[in-house]
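A closer look at the structure
One-letter residues, chain by chain:
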Amino acid sequence: MKGIIQMKKDMTTDMTVGSPAKLLLRFAIPLLIGNVFQQLYNMVDAIVVGNYEGKEALAAVGTTGPINFLIFSLALGLAAGISIITSQYFGAKDEENIKKSFATGAYVIIVALVTMGILGFFASRPMLELLNTPENIIDQSVTYLKICSVGIIGIGAYNWIATILRALGDSITPLIFLIVACVLNIILDLVFVIVFHMGVAGVAWATIISQIVAAIGCILYALKKVELLRIPMKEFRPDKGIVKKCLLLGIPVALQNSFVSLSTMALQGVINNYGDTIMASATAATRIEQLILQPGVSLGMAVTTFTGQNIGAGKFDRVKKGFASATKFIVGFSLFMLPVIYFGGGTIINLFIKAEDKEVIRIGIEALRVPCFFYSFVGMIFVTRNLLSGAGDVKIPMLMGVTEVVCRVVFANILSFHFGYQGIWWATGLTWLLTATVGCIRYASGKWKDKSLVTSS
């Protein structure tokens, strides 16, 4: 039975009415600010470690990135599945099922987080050995990875509640708590590493503590201030039908995330073969690249909510208008950033590395210059993948993840064999190109229109 969603006092937003371009920008800007803050404190992690602990510690933190993402991918994927369902119910004005999806999601996420945390803790060293992590840094990498696995509850809980609020059109509240977490993380980085000399362990604990603070704050806000999420404890129980839908949507998204993670792990394995100098250069370049890609990531997240709500409302033409607007935004930004990074990337790289490590800086500049020609393609990956996911067409984003794995493995190995480590940078760009092509072909087919589990039920 559908309820009528009344005039709200919170910051939820109905994206089924109004200008698609304005709605996407209004929703994406807070996401962008939040994501930039998150990447900035990731960069601060790298800057503090690289400058106060040296290139080995920087390489140790960098090599754990793909594994960390793999460990988090199940929980993040399920959270995304829950948010897709929630956004579609919101678009359909189905208040009862919005509440059910929120309560059910809490149980699903807790089970996923505990499972992946245990797995990550005990599999840390074997996974790092699988990536050919050098002996001189593997112990530091294991320490970092185990601490992150212990703290997965905080990171996962924040991402879950943030995706729920965003599904309801509120991108402001998660931003506020994320900024608090970012500031706290930076302070703790400096205290743990510089004052207490905790090394990579200090950086890991700083991240975990700050994310737990953000998660607690965001959850308390949602339960107290968002009427749609205010559920009596006796009704806070899982719904079997919603659990099934969460799994049907969430597992493919989780697998897609896992495939993306596996592809970056494969690339990291190739990078690790070249030693800690190349690893440190790649880590610094990756941190910068992740920051540059945040407009695409943020816009993609906005597209998911916009698509989900409009699919729930049966407004397919608005989805198409949203896609056109998002494409113009992402291509324009990519073309703007190309000369900025090509000519100015070296200045940023210098922030991560001591001035005497000139070879690390030189190689880091190379690692930025090649992929910058492919920014438009990675931007279209975010737009198409998130639109298809928001529509409930989650198998194709999973196929896009498979495409990333295959392309990164094949290109990285072939090109590095013929051109050395420089081939790795080209492998990234070509992977983006082919993966974006898969997403664009699926969007053009129009087959995503009938994939919603909400409107078909």
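Keep in mind it's a predicted model, so treat the numbers as computed, not measured. (Residues numbered from 1 in each chain as written. Predicted model: local features only at pLDDT ≥ 70, side-chain atom pairs only at ≥ 80, totals over all residues. Heavy atoms only, no water.)

Let us look at the packing of aromatic side chains. Per the stated rule, a full pass over the model turns up 13 aromatic pairs. Aromatic side chains Tyr342 and Phe343 sit 5.1 Å apart centroid to centroid with 80° between the ring planes, which places their arrangement in the edge-to-face category. Here Tyr342 falls in the partly exposed class, since its relative accessible area comes to 28%. Aromatic pair Phe374 and Phe377: ring centres 6.3 Å apart, planes at 45°, arrangement tilted. Overall, Phe374 belongs to the buried group, its relative accessible area being 9%. In this structure an aromatic cluster arises from ring pairing among Phe102, Tyr107, Trp160 and Phe236. One cation-aromatic arrangement involves Lys449 over Trp448; the distance from NZ or CZ to the ring centre is 5.9 Å. (Phe/Tyr/Trp six-rings, centres within 6.5 Å; stacked < 30°, edge-to-face > 60°. Buried < 20%, exposed > 50% of the residue type's maximum accessible area, 1.4 Å probe, protein only. Lys NZ or Arg CZ within 6 Å of the ring centre and 35° of its normal.)

A few words now on unusual backbone geometry. Although it is not a glycine, Lys93 sits at a positive phi angle of roughly 60°. Counting through the fold element by element, Lys93 comes out in the loop between helix 3 (65–91) and helix 4 (95–130). The exposure class assigned to Lys93 is partly exposed, which follows from its relative accessible area of 30%. Look at His197: it is not a glycine, yet its phi comes out positive at around 55°. Structurally, His197 is set in the loop between helix 7 (172–195) and helix 8 (199–225). (Helix = DSSP H or I, 4+ residues; strand = E, 2+ residues; numbered from the N terminus.)

When the terminal C-alpha atoms of helix 9 (residues 240–272) are compared, their 45 Å separation across 33 residues agrees well with the 48 Å that a helix rising 1.5 Å per residue should span. A bend of about 30° at Gly250 is the largest found in helix 9, and the proline Pro252 appears one to four places after it. Its side-chain oxygen 3.0 Å from the backbone nitrogen of Gly241, Asp239 forms the N-cap of helix 9. (Expected span 1.5 Å × (residues − 1). Bend = angle between axes of the 7 residues up to and from the residue. Polar contact = N/O pair within 3.5 Å; in protein donor to acceptor, adjacent residues only side chain to side chain.)

Turning our attention to the side chain of Thr64. For Thr64, the location among the structural elements is in the loop between helix 2 (55–63) and helix 3. Sequence-distant contacts of Thr64, defined by excluding residues within four places in its chain, comprise Leu128, Ser141, Tyr144 and Leu145. (Contact = heavy atoms within 4.5 Å.)

Another aspect to go through is the nonpolar core. Within the largest apolar cluster, 76 residues are counted, with the highest numbers of intra-cluster contacts made by Ile67, Ile71, Phe102, Trp160 and Leu229. Residues in contact with Trp160, not counting those within four places in the same chain, are Ala79, Ile82, Phe102, Gly105, Ala106, Ile109 and Ile219. In terms of nonpolar packing, the next biggest core, distinct from the first, is built from 61 residues, Ala59, Ala60, Trp432 and Ala436 among them. (Core = buried A, V, L, I, M, F, W, Y, C linked by side-chain atoms within 4.5 Å.)

What follows is about the confidence of the model for the protein chain. Chain-level statistics for the protein chain give a pLDDT mean of 86 and a share of 95% at 70 or above. Confidence, expressed as mean pLDDT per element, reaches its minimum in the protein chain at helix 2 with 80 and its maximum at helix 14 (residues 375–390) with 94. Contacts from residues 1–8, a stretch scored under 50 in pLDDT, to residues over four places away or in other chains number 16 contacts. (pLDDT = per-residue confidence, 0-100.)

Within the secondary structure, Leu178 is located in helix 7. Taking the C-alpha atoms as reference points, Leu178 and Asn35, separated by 143 residues in sequence, lie 8.6 Å from one another. When near neighbours in sequence (up to four residues on either side) are disregarded, Leu178 contacts Gly34, Asn35, Gln38, Tyr158 and Gln211.

With that settled, consider the packing of helix 3 against helix 5 (residues 135–150). Remark: helix 3 packs on helix 5, axes separated minimally by 11 Å, with the N-to-C direction vectors making an angle of 20°. By the criterion of interaxial angle, the relationship of helix 3 to helix 5 is roughly parallel. Between helix 3 and helix 5 lies a crossing whose hand is right-handed. Between helix 3, through Ile67, Asn68, Ile71 and Phe72, and helix 5, the contact on the second element is made entirely by Tyr144, Leu145, Cys148 and Ser149. (Axes fitted to C-alpha atoms, helices over the stretch in contact; angles between N-to-C directions. Parallel < 35°, antiparallel > 145°, perpendicular 65-115°, else oblique. Left-handed = near helix turned anticlockwise from the far one by under 90°.)

Where helix 7 contacts helix 8, the axes come no closer than 8 Å and their chain directions differ by 155°. Here helix 8 runs roughly antiparallel to helix 7, going by the angle between their axes. Of the two possible hands of crossing, helix 7 and helix 8 adopt the one that is right-handed. Taken together, the residues of the contact of helix 7 with helix 8 break down into 16 nonpolar, eight polar and one charged. (Nonpolar A, V, L, I, M, F, W, Y, C, P; charged D, E, K, R; others polar.)

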